[in-house]
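Residue strings, one per chain:
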Amino acid sequence: MRSRAVSYEETIITVIRKSVTAVGCTAVLLTSAAACGTVQNLTAGQKVDQAVERLGEQKSLAFRLDLDADASAIDTLAGQGGPDEALPPEFAKLMSGLRVDVSVKSRKKLADSGQKDLVGMGMKVTGPDGVLVEYRVVGDFMYYRTDMKAIGKAMGVPMPSAGDLPPGQKEFEKVLEGDWVKVDTKALERAGKAAGGTSKGTSGDIDAKTQKKVLDAVRSVIGRKVRFRTEGGAGGVEHVLATGNVRDLLTGVFDKLRPLQGDLPPGAELPTAKDLKDAPDKKATLDFTLKNGDLRQIRVDLAVLADSPKKVKLPLVLKFSGAGDVSAPSGATEIPADKIPGSSPLGGAFLGGGGGF
């Protein structure tokens, strides 16, 4: 039972992290194309580019990622692959009510901030019945809590209790009880290296030179394959729409990135050309909502990429606002770094989560 529960929480954390990364990177990469293409594309792209620059001028920022769809729409799209691929009803309900909130605060404006300038970072994952997982990075510590009962209810499976822990793992009682725990990040990195980790640590950082190479490579593709246009609105609201063929974009982008594979962080494996053949050969549109020049949200309908004959909508929405609470929670129990296995959900949160906001 314990291994099944661990598998479900690992799945949730992985899905969340990949979703945040995919949408965030897509937005950034599309805005980086502002200097490419026709005059019309340049004008529309510049509006988004300037709005993103304004976000970077702030010292704090938060974004919320969620699906603006009900469980029935998710069921409809998930069921198109046949009964063998149908989602359990609990999972569809979970996804329809799932929300990811990420906050970051810095002493400097975010565009000029390095790791040492950050006051705190945090991510909170909320389901239909409350907070499922939350972690924060403040000072030299990472803080983590999870509601195992809520996850079990959402997934429709029983979760382990403190009494299910094997000998030698009593430190994790607080995790199973939903209390805050913390770990020293420097000690965790040392423990990871001692266990056979790379000398680069677990931050997954990309140096400035490589970042420029990546953006230049992506710009050359997006500038040719993405069409930007503007649509007006009322009360200072304006929409910038960026449209492109998903398979063409992914194929072109990863063809350009493969020569840079050696400069990317460990584990950042790029999909092969064979993998990309299964990508949807369809157009998708990202809708950037601006209000008085500020970027308020990014919206994309994932349903257009499906083959379902039924007309449903599955909007994925990324909203921007001021940062919430990223202070160190009181009463957190410290867990020794050498007690956290890298293959566990807790290890995945600490090892892979802190630097990836």
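Before reading on, note that the structure itself is shown above.
About the criteria used
Residues numbered from 1 in each chain as written. Predicted model: local features only at pLDDT ≥ 70, side-chain atom pairs only at ≥ 80, totals over all residues. Heavy atoms only, no water. Helix = DSSP H or I, 4+ residues; strand = E, 2+ residues; numbered from the N terminus. Contact = heavy atoms within 4.5 Å. Areas by Shrake-Rupley, 256 points an atom, 1.4 Å probe, with all protein chains shown as cover. Buried < 20%, exposed > 50% of the residue type's maximum accessible area, 1.4 Å probe, protein only. Pairing = 2+ DSSP bridges. Expected span 1.5 Å × (residues − 1). Polar contact = N/O pair within 3.5 Å; in protein donor to acceptor, adjacent residues only side chain to side chain. Salt bridge = Lys/Arg side-chain N within 4 Å of Asp/Glu carboxyl O. Axes fitted to C-alpha atoms, helices over the stretch in contact; angles between N-to-C directions. Phe/Tyr/Trp six-rings, centres within 6.5 Å; stacked < 30°, edge-to-face > 60°. Lys NZ or Arg CZ within 6 Å of the ring centre and 35° of its normal. Core = buried A, V, L, I, M, F, W, Y, C linked by side-chain atoms within 4.5 Å.

J.: Explain the overall build of the protein chain to me, please; I cannot follow it from the model alone.
T.: Helix and strand content of the protein chain: eleven helices and twelve strands. For the protein chain, restricting intrachain contacts to residue pairs at least 6 apart in sequence, the fraction spanning at least 24 positions comes to 67%. Within the structure as shown, the protein chain displays about 18500 Å² of accessible surface, and the carbon and sulfur contribution to it stands at 52%.

J.: I would appreciate a short explanation of the pairing of strand S2 (residues 99–106) in the present structure.
T.: Across a regular strand the side chains alternate sides, sitting on one face of the sheet and then on the other. In terms of burial, S2 is a largely internal element, six of the eight residues being buried. Bridge count between strand S1 (residues 60–67) and S2: seven bridges; the pairing is antiparallel. Considered in S2, the bridge of Ser60 is made with Lys105. Relative to strand S3 (residues 118–127), S2 is paired through eight bridges, and the arrangement is antiparallel. The residue bridging Val104 from the neighbouring strand is Met121, located in S3.

J.: Any chance you could explain helix H9 (residues 246–257) here in plain terms?
T.: Every α-helical turn comprises 3.6 residues, leaving residues that sit three or four positions apart pointing alike. Taking 1.5 Å of rise per residue, twelve residues should cover 16 Å, and H9 covers 16 Å from first to last C-alpha, within 8% of that figure. Its side-chain oxygen at 3.0 Å from the backbone nitrogen of Arg247, Asn245 defines the N-terminal cap of H9.

J.: Sorry if this is basic, but what is going on with the pattern of salt bridges here?
T.: A pair can form between side chains of opposite charge whenever their charged atoms are brought close. Evaluated as defined, the whole model comprises twelve salt bridges. In this structure, Asp68 engages Arg299 in a salt bridge whose closest nitrogen and oxygen atoms are separated by 3.0 Å. In this pair, Asp68 is assigned in the loop between S1 and helix H3 (71–78) and Arg299 in strand S10 (residues 294–301), connecting sequence segments 231 residues apart. Accessibility expressed as a relative area gives 44% for Asp68, which makes it partly exposed. The partly exposed category is assigned to Arg299, whose relative accessible area is 29%. Residues Lys109 and Asp112 are paired through a salt bridge, measuring 3.7 Å at the closest nitrogen-oxygen approach. Of the residues examined, Lys109 reaches a relative accessible area of 29% and is grouped as partly exposed.

J.: Can you walk me through the sheet that holds strand S5 (residues 141–146) in this structure?
T.: Strand pairing in a sheet is mediated by backbone hydrogen bonds. Such pairs are either parallel or antiparallel. Judged by pairing direction, the sheet is mixed, and its twelve strands sit side by side in the order S7-S8-S9-S10-S11-S1-S2-S3-S4-S5-S6-S12 without closing on themselves. Across the chains shown, the open sheet's two edge strands, defined by having one partner strand only, are strand S7 (227–232) and strand S12 (333–334). In this sheet, strand S11 (residues 315–321) lies alongside S1 in antiparallel orientation, the contact comprising six bridges. Pairing of Ala62 across the sheet is with Ser321, part of S11. Taken strand by strand, H9 contacts strand S8 (237–245) and strand S9 (283–291), and its axis lies near 75 degrees from that of S8.

J.: Which parts of the structure should I look at to understand the side chain of Asn245?
T.: For Asn245, the position within the fold is in strand S8. Not counting residues up to four positions away in its chain, the partners in contact with Asn245 are Pro280, Asp281, Lys282 and Lys283.

J.: Would you explain the environment of Ala111 in this entry?
T.: Checked against the element boundaries, Ala111 lands in the loop between S2 and S3. With 58 residues separating them in the primary sequence, Ala111 and Glu53 have C-alpha atoms 7.9 Å apart.

J.: Mind showing me how you'd approach the packing of aromatic side chains here?
T.: For any pair of aromatic rings, geometry is given as the distance between the ring centres together with the angle between the planes. Taken as a whole, this structure holds one aromatic pair when the rule is applied. Its guanidinium or amino end placed over the ring of Phe141, Lys182 lies 4.6 Å from that ring's centre, counting from NZ or CZ.

J.: Please clarify how the nonpolar core should be interpreted in this entry.
T.: Core analysis: the largest hydrophobic core is formed by 75 residues, its most contacted members being Leu132, Leu257, Phe288, Leu295 and Phe320. Setting aside residues no more than four positions away along its own chain, Leu257 makes contact with Val214, Ala217, Val218 and Leu270.

J.: Just to check I follow, could you spell out the side chain of Gln297 for this structure?
T.: Looking at the element boundaries, Gln297 is found in strand S10. Judged by its relative accessible area of 18%, Gln297 falls in the buried class. Discounting chain neighbours no more than four positions away, the residues touching Gln297 are Asp287, Phe288, Thr289, Val317, Leu318, Lys319 and Phe320.

J.: Quick question: what am I supposed to make of the pairing of S8 here?
T.: Looking at chain direction, S7 and S8 are connected through six bridges and run antiparallel. Residue pairing across strands places Glu231 opposite His239, the latter belonging to S8. Here S7 folds back onto S8 in antiparallel fashion, the turn holding four residues, of which Gly235 has a positive phi close to 65 degrees. Sheet topology note: the S8/S9 ladder contains nine bridges and is antiparallel. Among the inter-strand pairings, His239 is bridged to a residue of S9, identified as Thr289.

J.: For this particular structure, what's the right way to read the environment of Lys116?
T.: Inspection of the secondary structure puts Lys116 in the loop between S2 and S3. Judged by its relative accessible area of 68%, Lys116 falls in the exposed class.

J.: Sorry if this is basic, but what is going on with helix H5 (residues 148–155) here?
T.: With six of its eight residues buried, H5 lies for the most part within the structure. Here H5 has its buried residues at Met148, Ala150, Ile151, Gly152, Ala154 and Met155. Structurally, the start of H5 carries an N-cap: the backbone nitrogen of Lys149 is 3.2 Å from a side-chain oxygen of Asp147. Downstream of H5 by a residue or two, Gly156 has a phi angle that is positive, lying close to 75 degrees.

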